[in-house]
Amino acid sequence: MVKVVVVGSINMDLIVRVSRLPRLGETMSGEGFSMGGGGKGANQAVACARLGARVTMAGCVGDDDFGKRLLSDLVSEGMDCAPVRVCPGVNTGVALIAVTKEGENAIILSPGANALACGEDVERAATAMKEAQVALFQLEIPIATVIVGLKKAKEAGCLTVLDPAPAAPLPDEIWPLVDVAAPNEIEAADLGGSDEPAQAALRLLEKGAGCVVVSLGSKGALAVTRDRTFSVPAFPVEVVDTTGAGDAFRAGLAVALAEGKVLEEAVKFGAAAGALTCTALGARSSLPQRSAVLRMLSSSSAR
Ligand code: RIB
(Lines give C-alpha, C1' and ligand atoms only; values in the text may rest on other atoms or scores of the structure.)
Protein backbone atom coordinates (compact mmCIF):
# COMPACT_ATOMS: atom_id res chain seq x y z
CA MET A 1 0.00 0.00 0.00
CA VAL A 2 1.34 3.44 -0.90
CA LYS A 3 1.61 6.23 1.63
CA VAL A 4 0.55 9.88 1.29
CA VAL A 5 1.07 12.71 3.79
CA VAL A 6 -1.40 15.60 3.71
CA VAL A 7 -0.65 18.89 5.45
CA GLY A 8 -3.69 21.13 5.39
CA SER A 9 -7.00 22.44 6.64
CA ILE A 10 -9.74 20.75 8.64
CA ASN A 11 -13.19 22.39 8.53
CA MET A 12 -16.77 21.76 9.48
CA ASP A 13 -18.96 22.44 6.43
CA LEU A 14 -22.43 23.94 7.00
CA ILE A 15 -24.38 23.46 3.77
CA VAL A 16 -27.67 24.96 2.54
CA ARG A 17 -29.19 24.47 -0.94
CA VAL A 18 -30.32 27.69 -2.62
CA SER A 19 -32.22 28.53 -5.80
CA ARG A 20 -29.56 31.18 -6.51
CA LEU A 21 -26.85 33.04 -4.61
CA PRO A 22 -28.09 36.00 -2.49
CA ARG A 23 -27.46 39.60 -3.58
CA LEU A 24 -25.54 41.97 -1.30
CA GLY A 25 -27.74 42.92 1.68
CA GLU A 26 -30.40 40.34 0.81
CA THR A 27 -31.79 37.74 3.21
CA MET A 28 -33.17 34.72 1.42
CA SER A 29 -34.39 31.27 2.36
CA GLY A 30 -32.53 28.17 1.34
CA GLU A 31 -33.66 24.58 1.42
CA GLY A 32 -32.63 22.00 4.02
CA PHE A 33 -29.40 21.96 5.96
CA SER A 34 -26.55 19.53 6.36
CA MET A 35 -23.33 19.57 8.28
CA GLY A 36 -20.28 17.44 7.61
CA GLY A 37 -16.52 17.22 7.50
CA GLY A 38 -14.73 19.51 5.09
CA GLY A 39 -11.57 21.50 4.53
CA LYS A 40 -9.49 20.99 1.41
CA GLY A 41 -6.74 19.29 3.41
CA ALA A 42 -8.98 16.88 5.30
CA ASN A 43 -11.12 16.17 2.22
CA GLN A 44 -8.02 15.29 0.21
CA ALA A 45 -6.69 13.16 3.05
CA VAL A 46 -9.96 11.22 3.36
CA ALA A 47 -10.17 10.84 -0.41
CA CYS A 48 -6.62 9.44 -0.53
CA ALA A 49 -7.53 6.93 2.20
CA ARG A 50 -10.71 5.85 0.36
CA LEU A 51 -8.71 5.53 -2.85
CA GLY A 52 -6.37 3.05 -1.23
CA ALA A 53 -3.46 4.94 0.35
CA ARG A 54 -2.21 4.90 3.93
CA VAL A 55 -2.54 8.52 5.01
CA THR A 56 -0.96 10.70 7.67
CA MET A 57 -2.59 14.09 8.19
CA ALA A 58 -1.10 17.19 9.83
CA GLY A 59 -3.10 20.32 10.65
CA CYS A 60 -4.99 22.00 13.47
CA VAL A 61 -8.47 21.97 15.00
CA GLY A 62 -9.90 24.03 17.88
CA ASP A 63 -10.77 22.60 21.30
CA ASP A 64 -14.50 22.80 20.51
CA ASP A 65 -17.17 20.23 19.64
CA PHE A 66 -16.52 20.55 15.89
CA GLY A 67 -12.84 19.80 16.42
CA LYS A 68 -13.55 16.69 18.50
CA ARG A 69 -16.09 15.39 16.00
CA LEU A 70 -13.90 16.06 12.96
CA LEU A 71 -10.85 14.45 14.49
CA SER A 72 -12.77 11.33 15.44
CA ASP A 73 -14.27 11.16 11.91
CA LEU A 74 -10.79 11.34 10.37
CA VAL A 75 -9.49 8.59 12.65
CA SER A 76 -12.49 6.43 11.75
CA GLU A 77 -11.40 6.68 8.09
CA GLY A 78 -8.30 4.74 9.13
CA MET A 79 -5.94 7.70 8.93
CA ASP A 80 -3.00 8.49 11.17
CA CYS A 81 -3.93 11.83 12.72
CA ALA A 82 -1.24 11.84 15.43
CA PRO A 83 0.32 15.06 14.06
CA VAL A 84 -3.01 16.98 14.22
CA ARG A 85 -2.86 19.61 17.00
CA VAL A 86 -5.82 20.66 19.13
CA CYS A 87 -5.44 24.41 19.72
CA PRO A 88 -7.02 25.78 22.91
CA GLY A 89 -9.23 28.87 22.82
CA VAL A 90 -9.77 28.99 19.07
CA ASN A 91 -12.61 27.78 16.85
CA THR A 92 -12.22 24.88 14.45
CA GLY A 93 -12.32 25.99 10.81
CA VAL A 94 -15.86 26.47 9.49
CA ALA A 95 -17.10 26.74 5.90
CA LEU A 96 -20.53 28.22 5.12
CA ILE A 97 -21.51 26.68 1.80
CA ALA A 98 -24.42 27.61 -0.48
CA VAL A 99 -25.10 25.07 -3.23
CA THR A 100 -27.25 26.12 -6.20
CA LYS A 101 -29.65 23.79 -8.02
CA GLU A 102 -27.05 23.52 -10.82
CA GLY A 103 -24.63 22.06 -8.25
CA GLU A 104 -22.31 25.07 -8.17
CA ASN A 105 -21.24 26.48 -4.81
CA ALA A 106 -20.13 29.63 -3.00
CA ILE A 107 -18.08 29.21 0.19
CA ILE A 108 -17.27 31.57 3.07
CA LEU A 109 -14.46 30.35 5.32
CA SER A 110 -13.66 31.09 8.94
CA PRO A 111 -10.15 29.57 9.11
CA GLY A 112 -10.02 29.40 12.94
CA ALA A 113 -7.36 26.91 14.04
CA ASN A 114 -6.18 26.34 10.45
CA ALA A 115 -4.55 29.78 10.60
CA LEU A 116 -2.33 28.55 13.46
CA ALA A 117 -0.77 25.62 11.57
CA CYS A 118 3.00 26.16 11.75
CA GLY A 119 6.37 24.54 11.12
CA GLU A 120 6.12 22.46 14.30
CA ASP A 121 2.91 20.91 13.00
CA VAL A 122 4.77 19.94 9.82
CA GLU A 123 7.66 18.61 11.93
CA ARG A 124 5.31 16.11 13.60
CA ALA A 125 4.65 14.62 10.15
CA ALA A 126 8.36 14.48 9.20
CA THR A 127 8.79 10.80 10.08
CA ALA A 128 5.70 9.88 8.06
CA MET A 129 7.11 11.84 5.10
CA LYS A 130 10.18 9.59 5.11
CA GLU A 131 7.89 6.59 4.42
CA ALA A 132 5.58 8.41 1.97
CA GLN A 133 5.78 8.53 -1.81
CA VAL A 134 3.72 11.74 -2.07
CA ALA A 135 3.07 14.81 0.10
CA LEU A 136 0.00 16.87 -0.72
CA PHE A 137 -0.60 20.55 0.19
CA GLN A 138 -3.25 23.25 -0.33
CA LEU A 139 -3.48 26.91 0.73
CA GLU A 140 -6.05 26.92 3.55
CA ILE A 141 -3.20 27.09 6.07
CA PRO A 142 -0.50 29.82 6.20
CA ILE A 143 1.68 29.90 3.08
CA ALA A 144 4.83 30.00 5.23
CA THR A 145 3.77 26.65 6.71
CA VAL A 146 3.14 25.21 3.25
CA ILE A 147 6.66 26.24 2.23
CA VAL A 148 8.16 24.57 5.32
CA GLY A 149 6.12 21.47 4.48
CA LEU A 150 7.24 21.41 0.86
CA LYS A 151 10.89 21.72 1.93
CA LYS A 152 10.54 18.92 4.49
CA ALA A 153 8.77 16.71 1.99
CA LYS A 154 11.49 17.24 -0.62
CA GLU A 155 14.18 16.46 1.97
CA ALA A 156 12.31 13.26 2.81
CA GLY A 157 12.27 12.27 -0.88
CA CYS A 158 8.50 12.70 -1.46
CA LEU A 159 6.96 13.80 -4.72
CA THR A 160 5.25 17.10 -3.80
CA VAL A 161 1.78 18.01 -5.08
CA LEU A 162 0.39 21.52 -4.50
CA ASP A 163 -3.27 22.42 -4.92
CA PRO A 164 -2.93 26.23 -4.88
CA ALA A 165 -6.47 26.77 -3.55
CA PRO A 166 -7.96 29.08 -2.50
CA ALA A 167 -6.16 31.32 -5.00
CA ALA A 168 -3.52 33.49 -3.32
CA PRO A 169 -0.38 35.28 -4.49
CA LEU A 170 2.59 32.98 -3.97
CA PRO A 171 6.29 33.79 -3.63
CA ASP A 172 8.50 32.64 -6.51
CA GLU A 173 10.56 30.49 -4.11
CA ILE A 174 7.65 28.04 -3.87
CA TRP A 175 7.65 26.74 -7.46
CA PRO A 176 10.96 24.80 -7.50
CA LEU A 177 9.64 22.94 -4.43
CA VAL A 178 6.53 21.78 -6.31
CA ASP A 179 6.78 18.64 -8.44
CA VAL A 180 3.13 18.74 -9.52
CA ALA A 181 1.14 21.99 -9.40
CA ALA A 182 -2.59 21.29 -9.63
CA PRO A 183 -4.54 24.57 -9.91
CA ASN A 184 -8.03 25.00 -11.31
CA GLU A 185 -8.59 27.36 -14.24
CA ILE A 186 -9.01 30.46 -12.06
CA GLU A 187 -5.97 29.74 -9.91
CA ALA A 188 -3.90 28.96 -13.00
CA ALA A 189 -4.88 32.34 -14.51
CA ASP A 190 -4.06 34.21 -11.28
CA LEU A 191 -0.74 32.46 -10.75
CA GLY A 192 0.35 32.12 -14.35
CA GLY A 193 -0.87 35.50 -15.58
CA SER A 194 -2.92 34.22 -18.53
CA ASP A 195 -6.56 33.25 -19.04
CA GLU A 196 -5.27 30.60 -21.44
CA PRO A 197 -4.61 27.54 -19.18
CA ALA A 198 -1.79 26.17 -21.36
CA GLN A 199 0.00 29.55 -21.31
CA ALA A 200 -0.50 29.93 -17.57
CA ALA A 201 0.84 26.41 -17.01
CA LEU A 202 3.94 27.15 -19.12
CA ARG A 203 4.60 30.21 -16.97
CA LEU A 204 4.48 28.04 -13.82
CA LEU A 205 6.91 25.60 -15.45
CA GLU A 206 9.23 28.54 -16.17
CA LYS A 207 9.00 29.52 -12.51
CA GLY A 208 10.22 26.03 -11.57
CA ALA A 209 7.21 23.73 -11.10
CA GLY A 210 7.94 20.17 -12.24
CA CYS A 211 4.68 19.83 -14.16
CA VAL A 212 1.25 21.45 -14.11
CA VAL A 213 -2.18 19.82 -14.16
CA VAL A 214 -5.05 22.30 -14.57
CA SER A 215 -8.53 21.06 -13.68
CA LEU A 216 -11.18 22.51 -16.01
CA GLY A 217 -14.43 21.30 -14.43
CA SER A 218 -16.80 19.86 -17.02
CA LYS A 219 -14.07 20.36 -19.66
CA GLY A 220 -11.76 17.83 -17.97
CA ALA A 221 -8.10 18.59 -17.28
CA LEU A 222 -5.02 19.84 -19.07
CA ALA A 223 -1.53 18.58 -18.22
CA VAL A 224 1.60 20.45 -19.22
CA THR A 225 5.08 19.00 -18.76
CA ARG A 226 8.41 20.09 -20.23
CA ASP A 227 7.97 17.48 -22.99
CA ARG A 228 4.28 17.48 -23.81
CA THR A 229 0.82 18.92 -23.31
CA PHE A 230 -2.27 16.74 -23.21
CA SER A 231 -5.94 16.90 -22.24
CA VAL A 232 -8.06 14.40 -20.38
CA PRO A 233 -11.84 14.69 -20.89
CA ALA A 234 -14.25 14.85 -17.95
CA PHE A 235 -16.31 11.76 -17.14
CA PRO A 236 -19.97 12.60 -17.81
CA VAL A 237 -22.13 12.43 -14.65
CA GLU A 238 -25.39 13.88 -13.30
CA VAL A 239 -24.13 16.80 -11.21
CA VAL A 240 -25.76 17.25 -7.77
CA ASP A 241 -23.02 19.23 -5.98
CA THR A 242 -19.49 20.00 -7.17
CA THR A 243 -18.20 20.69 -3.62
CA GLY A 244 -15.19 18.45 -2.95
CA ALA A 245 -14.80 17.39 -6.60
CA GLY A 246 -11.53 19.31 -6.86
CA ASP A 247 -10.31 17.66 -3.67
CA ALA A 248 -11.13 14.19 -5.00
CA PHE A 249 -9.40 15.01 -8.29
CA ARG A 250 -6.18 16.03 -6.55
CA ALA A 251 -6.32 13.09 -4.17
CA GLY A 252 -6.79 10.70 -7.09
CA LEU A 253 -3.87 12.29 -8.89
CA ALA A 254 -1.70 12.01 -5.76
CA VAL A 255 -2.58 8.36 -5.03
CA ALA A 256 -2.05 7.29 -8.64
CA LEU A 257 1.32 9.05 -8.78
CA ALA A 258 2.28 7.44 -5.46
CA GLU A 259 1.47 4.09 -7.08
CA GLY A 260 3.89 4.91 -9.91
CA LYS A 261 1.26 5.46 -12.63
CA VAL A 262 2.32 7.66 -15.55
CA LEU A 263 0.93 11.21 -15.49
CA GLU A 264 -1.82 10.56 -18.07
CA GLU A 265 -3.18 7.58 -16.11
CA ALA A 266 -2.92 9.54 -12.86
CA VAL A 267 -4.90 12.47 -14.32
CA LYS A 268 -7.60 10.04 -15.56
CA PHE A 269 -7.77 8.40 -12.12
CA GLY A 270 -8.18 11.85 -10.54
CA ALA A 271 -10.81 12.87 -13.11
CA ALA A 272 -12.89 9.76 -12.35
CA ALA A 273 -12.67 10.42 -8.59
CA GLY A 274 -13.67 14.06 -9.14
CA ALA A 275 -16.62 13.16 -11.36
CA LEU A 276 -18.01 10.66 -8.86
CA THR A 277 -17.82 13.28 -6.11
CA CYS A 278 -20.22 15.52 -8.09
CA THR A 279 -23.00 12.93 -7.88
CA ALA A 280 -23.99 13.53 -4.23
CA LEU A 281 -24.43 16.47 -1.84
CA GLY A 282 -21.57 17.43 0.50
CA ALA A 283 -17.80 17.42 0.22
CA ARG A 284 -16.91 14.51 2.45
CA SER A 285 -19.81 12.06 2.14
CA SER A 286 -19.51 12.03 -1.65
CA LEU A 287 -15.79 11.18 -1.84
CA PRO A 288 -15.63 7.84 -3.69
CA GLN A 289 -14.10 4.52 -2.71
CA ARG A 290 -11.37 3.07 -4.94
CA SER A 291 -13.71 0.35 -6.26
CA ALA A 292 -16.12 2.97 -7.66
CA VAL A 293 -13.28 4.81 -9.43
CA LEU A 294 -11.97 1.57 -10.95
CA ARG A 295 -15.50 0.72 -12.16
CA MET A 296 -15.84 4.12 -13.79
CA LEU A 297 -12.45 3.80 -15.47
CA SER A 298 -13.14 0.32 -16.81
CA SER A 299 -16.63 1.17 -18.05
CA SER A 300 -15.28 4.20 -19.92
CA SER A 301 -12.48 2.20 -21.53
CA ALA A 302 -15.03 -0.46 -22.58
CA ARG A 303 -17.00 2.18 -24.52
O1 RIB B 1 -12.94 22.06 -1.50
C2 RIB B 1 -14.10 22.04 -0.73
C3 RIB B 1 -13.81 22.53 0.65
O4 RIB B 1 -13.46 23.88 0.60
C5 RIB B 1 -14.99 22.47 1.60
O6 RIB B 1 -15.07 21.23 2.25
C7 RIB B 1 -14.77 23.64 2.52
O8 RIB B 1 -14.47 23.28 3.83
C9 RIB B 1 -13.64 24.44 1.88
O10 RIB B 1 -12.48 24.29 2.54
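To be clear, the structure that these remarks concern was listed above.
Residues numbered from 1 in each chain as written. Predicted model: local features only at pLDDT ≥ 70, side-chain atom pairs only at ≥ 80, totals over all residues. Heavy atoms only, no water.

## Considering the pairing of strand β13 (residues 221-224)
Burial along β13 is two-sided: the face carrying A221 and A223 and the face carrying L222 and V224 are both buried. Of the pairings in the sheet, the one linking strand β12 (residues 211-215) to β13 comprises 4 bridges and is antiparallel in character. Bridging across to β13, S215 finds its partner in A221. With 4 bridges joining them, β13 and strand β14 (residues 229-232) adopt antiparallel strand pairing. Paired with V224 across the strands is T229, a residue of β14. The loop that links β13 with its antiparallel partner β14 comprises 4 residues. (Buried < 20%, exposed > 50% of the residue type's maximum accessible area, 1.4 Å probe, protein only. Helix = DSSP H or I, 4+ residues; strand = E, 2+ residues; numbered from the N terminus. Pairing = 2+ DSSP bridges.)

## Observations regarding the pattern of salt bridges
One pass over the full model with this rule turns up 19 salt bridges. Salt-bridge contacts for K151 lead to E173; the nearest nitrogen and oxygen are separated by 3.7 Å. Taken together, the residues span a long stretch of sequence, with K151 in helix α5 (residues 143-156) and E173 in the loop between β10 (159-162) and β11 (180-181) at a distance of 22 residues. For K151, a relative accessible area of 39% corresponds to the partly exposed category. Look at E173 and you get partly exposed, because its relative accessible area is 46%. Through salt bridges with shared partners, a single ionic network connects R20, R23 and E26. (Salt bridge = Lys/Arg side-chain N within 4 Å of Asp/Glu carboxyl O.)

## A word on the packing of aromatic side chains
This structure, assessed with the given rule, holds 0 aromatic pairs. Across the ring face of F269, the terminal group of K261 is positioned such that the distance to the ring centre comes to 5.3 Å. (Phe/Tyr/Trp six-rings, centres within 6.5 Å; stacked < 30°, edge-to-face > 60°. Lys NZ or Arg CZ within 6 Å of the ring centre and 35° of its normal.)

## Quick notes on α5
Spanning 14 residues, α5 covers 20 Å between terminal C-alpha atoms, matching the ideal 20 Å at 1.5 Å per step. Within the span of α5, buried status applies to T145, V146, I147, G149, L150 and A153. Against the buried residues of α5 lie α3 (119-123), α4 (126-131), β9 (134-137) and β10. In the segment just after α5, G157 is the residue with positive phi, at about 90°. (Expected span 1.5 Å × (residues − 1). Contact = heavy atoms within 4.5 Å.)

By themselves, these observations are geometric and do not establish any function.
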